[in-house]
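What follows is each chain in one-letter form.
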Amino acid sequence: MEKSNYQKFKALHNSEKPLLLPNAWDAGSAKLFEENGFAAIATSSSAVAGALSYADGEQLSFDELLFVVERICRRVSLPVSVDMEGGYSRDADEICEHLERLFQLGVVGINFEDSVINGQRKLQDALLITKTIEHIKSFCLNGKIDIFLNLRTDTYLLNVENRFEQTLERIEIYE
């Protein structure tokens, strides 16, 4: 029996070999990565936004992101993980709706960030992020959605004071 893309992606995470995820910005770049032997593909929020003449930080609509991701998933047979930034919403239910739409396209993973841009990029409250993640996990378990969730903390990106300690604290809270 052939493995699903989720099973392939999971196996790549448990391999002795490092998982290299090239960041596609459209279907053409994703196909190029596939043709050059990569085992999986991710998207770059900045590159996808830039290709559509937007700035990074959820400046394009979720439907526009979905449009690009759908074309990528149709064009390649590899596992695809999507940079979902802060979820394209601050509402956990809406974030789950977005995640389900990506899952229906065949997406096997998402990158979720703990900062958002409202004029300038700022860290969100770690406890709020934790509640959102718990909601997402519950949604996935109840809906039997197998998807990798990569949570990124942006303490270094934002060069916050005591960033090492802040990073460790946020990791502990998120776990």
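Residues numbered from 1 in each chain as written. Predicted model: local features only at pLDDT ≥ 70, side-chain atom pairs only at ≥ 80, totals over all residues. Heavy atoms only, no water.

Caption draft 1: Geometry of helix α7 (residues 163-174). With twelve residues, α7 extends 16 Å between its outermost C-alpha atoms, agreeing within 8% with the 16 Å of an ideal straight helix rising 1.5 Å per residue. Where α7 is concerned, the buried positions are Thr167, Arg170 and Tyr174. Angularly, the buried residues of α7 cover 70° about the axis, an arc narrow enough to put them on a single face. Structurally, α7 contributes buried residues whose contacts are with β6 (120-123), α6 (126-143) and β7 (148-152). (Helix = DSSP H or I, 4+ residues; strand = E, 2+ residues; numbered from the N terminus. Expected span 1.5 Å × (residues − 1). Buried < 20%, exposed > 50% of the residue type's maximum accessible area, 1.4 Å probe, protein only. Arc of directions from axis to C-beta. Contact = heavy atoms within 4.5 Å.)

Caption draft 2: Summary view of the nonpolar core. Core analysis: the largest hydrophobic core is formed by 35 residues, its most contacted members being Leu65, Leu99, Leu102 and Ile136. For this core, the elements supplying multiple residues, two or more each, are α2 (27-35), α3 (45-51), α4 (62-75), β3 (80-83), α5 (92-105), β4 (109-113) and α6. Per-element tally for this core: the top contributor is α4, with seven residues. Apart from the residues within four sequence positions on either side, Ile136 is in contact with Ile95, Cys96, Leu99, Phe112 and Leu149. (Core = buried A, V, L, I, M, F, W, Y, C linked by side-chain atoms within 4.5 Å.)

Caption draft 3: Highlighting the environment of Tyr88. On the secondary structure map, Tyr88 appears in the loop between β3 and α5. The buried category is assigned to Tyr88, whose relative accessible area is 11%. Along the backbone, Tyr88 and Ser61 are 27 residues apart, and their C-alpha atoms lie at a distance of 7.6 Å. A distance of 2.9 Å separates a polar atom in the side chain of Tyr88 from a polar atom in the side chain of Glu85. (Polar contact = N/O pair within 3.5 Å; in protein donor to acceptor, adjacent residues only side chain to side chain.)

Caption draft 4: Structural context of the packing of aromatic side chains. Under the defined criterion, the tally for this structure stands at five aromatic pairs. The interplanar angle of 90° and the centroid separation of 5.1 Å between the aromatic rings of Phe9 and Phe148 together place this pair among those described as edge-to-face. Of the two residues, Phe9 sits in helix α1 (residues 5-13) while Phe148 sits in strand β7, which places them 139 residues apart along the sequence. Its relative accessible area of 2% is what places Phe9 among the buried residues. (Phe/Tyr/Trp six-rings, centres within 6.5 Å; stacked < 30°, edge-to-face > 60°.)

Caption draft 5: Structural context of the side chain of Asn111. The topology assignment puts Asn111 in strand β4. A polar contact of 2.5 Å, which involves the side chain of Asn111, links it to the side chain of Asn150. Ignoring anything within four residues of it in the chain, the contact list for Asn111 reads Val82, Asp83, Met84, Glu85, Asn150 and Arg152.

Caption draft 6: The arrangement of the sheet that holds β3 in detail. Reading across the sheet, the five strands line up as β1-β2-β3-β4-β7 and stay open at both edges, with parallel pairing between neighbours. Both outer strands of the open sheet, β1 (23-24) and β7, are each paired with one neighbouring strand and no more. Note: strand β2 (residues 41-43) against β3, two bridges, orientation parallel. Looking at β3, one finds that Ala42 is bridged to Ser81. (Pairing = 2+ DSSP bridges.)

Caption draft 7: Representation of the pairing of strand β5 (residues 115-118). Bridge count for β5 against β6 is four bridges, and the pairing is antiparallel. By the bridge assignment, Ile117 is partnered in β6 with Arg121. The turn linking β5 back onto β6 is made up of one residue, and Gly119 within it adopts a positive phi angle of 90°.

Caption draft 8: How the structure looks around unusual backbone geometry. For Glu85, which is not a glycine, the phi torsion comes out positive at approximately 50°. In this fold, Glu85 is placed in the loop between β3 and α5. The class for Glu85 is buried, based on a relative accessible area of 2%. A positive phi is found at Asn159, a non-glycine position, where the angle reads about 50°. Tracing the backbone through its elements, the reader meets Asn159 in the loop between β7 and α7.

Purely spatial values, then, with no claim about function.
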